[in-house]
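So the chains spell out like this:
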Amino acid sequence: MKLTLPVALATVAAIMFACSQPEQKGLKDVWGHKYLIGTAVNQWQVAGETPIETAAILKHFNCVTAENCMKSEVINPEKGVFDFKLADEFMAFAEKNNLTVIGHTPIWHSQQAKWFCFDDNGELVCADTLKQRIHDHLFAIMQRYKGKIKGYDVVNEAIEDDGSYRNSLMYQIMGEEFIDWSFQCAMEADPDAELYYNDYSMFKEGKRKTVCELIKRLKSKGIKIDAVGMQCHYGMDHPEYEEFEASIQAFLNEGVRIQFTEFDLSILPNPYVGADVATRLQYTAEKDPYRNGVPADAQAAWNARMRKFMSIIDKYQDKVNRITFWGVTDASSWKNDFPIPGRKDYALPIDREGNLKDIL
């Protein structure tokens, strides 16, 4: 794949910045022999507009996920129209730097192209039409990048915390069958790619039970599912370590591998458990206590909790595919504004200056 100028400049700028920094082991140097160590990457990091973060990508990670550019509202904005510009630049950056790529996320109710579930009159399409659109969408993406992407979060966040199916437009049209059909199409589009179901709050008993049932159902139909992605959007007060480990064991018992995806650990007071991107709560100063920095005792507690999660994951390392942190440094973490816009969070292992926190 021919490299674009922004991708080439990004790599040069990142290397120059990295060379100016004190020597420090990267996360991939410590954990990379056990499983892939990934991060979510955005278009500005790929283009070299944030050199601290681009340098951190190259130093700490051996795997990347496109944060937004492969979601349907970006890559398939109109019926029959695909815009691969940003996705191609992301792929070129990954190829240039020998980074394993995870595709995220073809089928998701949020950040979905507005046309995807509607006909020309603004009415919901029939099941057969939606099936064709899912098929065409998956085939267009997966065949374009066939052999270049290790695996895909085929379906994202289709199950509620209580174990019921999310009443998304796709569910209204096809019921839970839209999940099965998506995996069937993905399996046919690129037989060599790994296929994952990805969701947040996977430590909750209701969701855990339904995900296990989903795995059983897909396998009973001969449909491939290689792993589940446990999104780890966690806080200092949730989940309990026992809940976290119970879900790991439950999914492994279904014969799939485990991935710890979208990992971030909010240090802020927790007004909401979950990761529904539509959730927005009112800003108050008491819910933003570290505006001017994190006290040493609070940072030590965060470090200890992150180390504890990693120690649990290590117990299952032979069944773990990947850990992906959702963002490169604290500066680019979506947790700065979720679920309360305007807050300043410190949710990732690498701080705003590109330094690794004391978690090893």
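Computed from a prediction, not measured in an experiment: that's the story for all the values here.

1. Considerations on the overall build of the chain
Okay, so step 1: Per the secondary structure count, the chain includes 12 helices and 9 strands.
Okay, so step 2: Compactness check: the chain gives a C-alpha radius of gyration of 20 Å against a globular reference of 21 Å for 360 residues, within 12% of the reference.
Okay, so step 3: Structurally, the chain occupies a C-alpha span of about 55 × 45 × 40 Å along its principal axes.
Okay, so step 4: For the chain, the proportion of its 360 residues judged to be buried stands at 55%.
Okay, so step 5: For the chain, the share of sequence-separated contacts (at least 6 apart) that also reach a separation of at least 24 residues comes to 79%.
Okay, so step 6: Taken as a whole, the chain presents about 14700 Å² of accessible surface, with 50% of it coming from carbon and sulfur.
Okay, so step 7: Across the chain, the 41 positively charged side chains and the 52 negatively charged ones have centroids separated by 3 Å.

2. Details of helix α11 (residues 241–253)
Okay, so step 1: Taking 1.5 Å per residue as the helical rise, α11 with its 13 residues ought to reach 18 Å, and the 19 Å between its terminal C-alpha atoms agrees with that figure.
Okay, so step 2: Among the residues of α11, F244, E245, S247, I248, A250, F251 and L252 are the ones counted as buried.
Okay, so step 3: Those residues of α11 that are buried lie in contact with α10 (205–220), β7 (227–235), β8 (257–266) and α12 (296–314).
Okay, so step 4: Looking one or two residues beyond α11, the residue adopting positive phi is G255, at roughly 85°.

3. Overview of unusual backbone geometry
Okay, so step 1: For the bond running from H104 to T105, omega is -20°, close enough to zero to count as cis.
Okay, so step 2: Within the secondary structure, T105 sits in the loop between β3 (100–103) and β4 (107–108).
Okay, so step 3: Cis geometry marks the peptide bond from H238 to P239; its omega dihedral reads -5°.
Okay, so step 4: In this structure, P239 sits in the loop between β7 and α11.
Okay, so step 5: Of note, the phi angle at Q111 is positive, near 50°, even though the residue is not glycine.
Okay, so step 6: Tracing the chain through its elements places Q111 in the loop between β4 and α7 (127–144).
Okay, so step 7: Q111 gets classed as partly exposed once you look at its relative accessible area, which sits at 24%.
Okay, so step 8: Even without being glycine, S201 reaches a positive phi, approximately 50°.

4. Remarks on the side chain of E53
Okay, so step 1: Position of E53 relative to the elements: it lies in helix α4 (residues 51–60).
Okay, so step 2: Buried and unpaired, E53 has no salt bridge, with R352 as the nearest side chain of opposite charge at 8.2 Å.
Okay, so step 3: In this structure, E53 is in contact with Q45, V328, T329, A331 and S332, ignoring residues within four places of it in sequence.

5. Focus: the environment of I37
Okay, so step 1: Structurally, I37 can be placed in strand β1 (residues 36–41).
Okay, so step 2: Residue I37 is classed as buried on the basis of its relative accessible area, which comes to 0%.
Okay, so step 3: Through-space distance from the C-alpha of I37 to that of L27 is 7.2 Å; in sequence the pair is 10 residues apart.
Okay, so step 4: Discounting chain neighbours no more than four positions away, the residues touching I37 are L27, K28, W31, G32, H60, F61, N62, C63 and I323.

6. Points about the pattern of salt bridges
Okay, so step 1: Evaluated as defined, the whole model comprises 20 salt bridges.
Okay, so step 2: The shortest N-O distance in the salt bridge between D161 and K207 comes to 3.2 Å. Pair noted here: D161 is in the loop between β5 (151–156) and α8 (169–174) and K207 is in helix α10, with a separation of 46 residues, a long-range link.
Okay, so step 3: Judged by relative accessible area, K207 falls into the buried class, the value being 0%.
Okay, so step 4: Residue R217 is joined to D180 by a salt bridge in which the shortest nitrogen-to-oxygen separation is 2.8 Å. Of this pair, R217 sits in helix α10 while D180 sits in helix α9 (residues 177–189), and the two are 37 residues apart along the sequence. For the pair R217 and D180, one class covers both residues: buried.
Okay, so step 5: Through salt bridges that share partners, E176, E177, D180, R217 and K221 make up one connected network.

7. Considering the packing of α7 against α9
Okay, so step 1: Running from N to C, α7 and α9 point in directions that differ by 35°, and their axes come no closer than 9 Å. As α7 runs across α9, the sense of the crossing is right-handed. Judged by residue contacts, K131, I134, H135, L138, F139, M142 and Q143 of α7 engage F178, W181, S182, C185, A186, E188 and A189 from α9.
Okay, so step 2: Partitioned by chemical class, the residues of the contact of α7 with α9 number 9 nonpolar, 3 polar and 2 charged.

8. What about α9?
Okay, so step 1: Taking 1.5 Å per residue as the helical rise, α9 with its 13 residues ought to reach 18 Å, and the 18 Å between its terminal C-alpha atoms agrees with that figure.
Okay, so step 2: Taken as a whole, α9 has its buried residues at F178, I179, D180, S182, F183, C185, A186, M187 and A189.
Okay, so step 3: Buried residues belonging to α9 abut β4, α7, β5, α8, β6 (194–199) and α10.

9. Describing a negative patch on the surface
Okay, so step 1: Together, D237, E240, E242 and E243 give the surface a local cluster of negative charge.
Okay, so step 2: Judged by its relative accessible area of 48%, D237 is partly exposed.

Thresholds, definitions, all that
Residues numbered from 1 in each chain as written. Predicted model: local features only at pLDDT ≥ 70, side-chain atom pairs only at ≥ 80, totals over all residues. Heavy atoms only, no water. Helix = DSSP H or I, 4+ residues; strand = E, 2+ residues; numbered from the N terminus. Rg over C-alpha atoms; globule rule 2.2 N^0.38 Å. Buried < 20%, exposed > 50% of the residue type's maximum accessible area, 1.4 Å probe, protein only. Contact = heavy atoms within 4.5 Å. Areas by Shrake-Rupley, 256 points an atom, 1.4 Å probe, with all protein chains shown as cover. Lys, Arg positive; Asp, Glu negative; His and termini not counted. Charge placed at Lys NZ, Arg CZ, Asp CG, Glu CD. Expected span 1.5 Å × (residues − 1). Salt bridge = Lys/Arg side-chain N within 4 Å of Asp/Glu carboxyl O. Axes fitted to C-alpha atoms, helices over the stretch in contact; angles between N-to-C directions. Left-handed = near helix turned anticlockwise from the far one by under 90°. Nonpolar A, V, L, I, M, F, W, Y, C, P; charged D, E, K, R; others polar. Patch = residues over 30% accessible without salt bridge, like charges linked within 9 Å, V, L, I, M, F, W, Y side chains within 5 Å.

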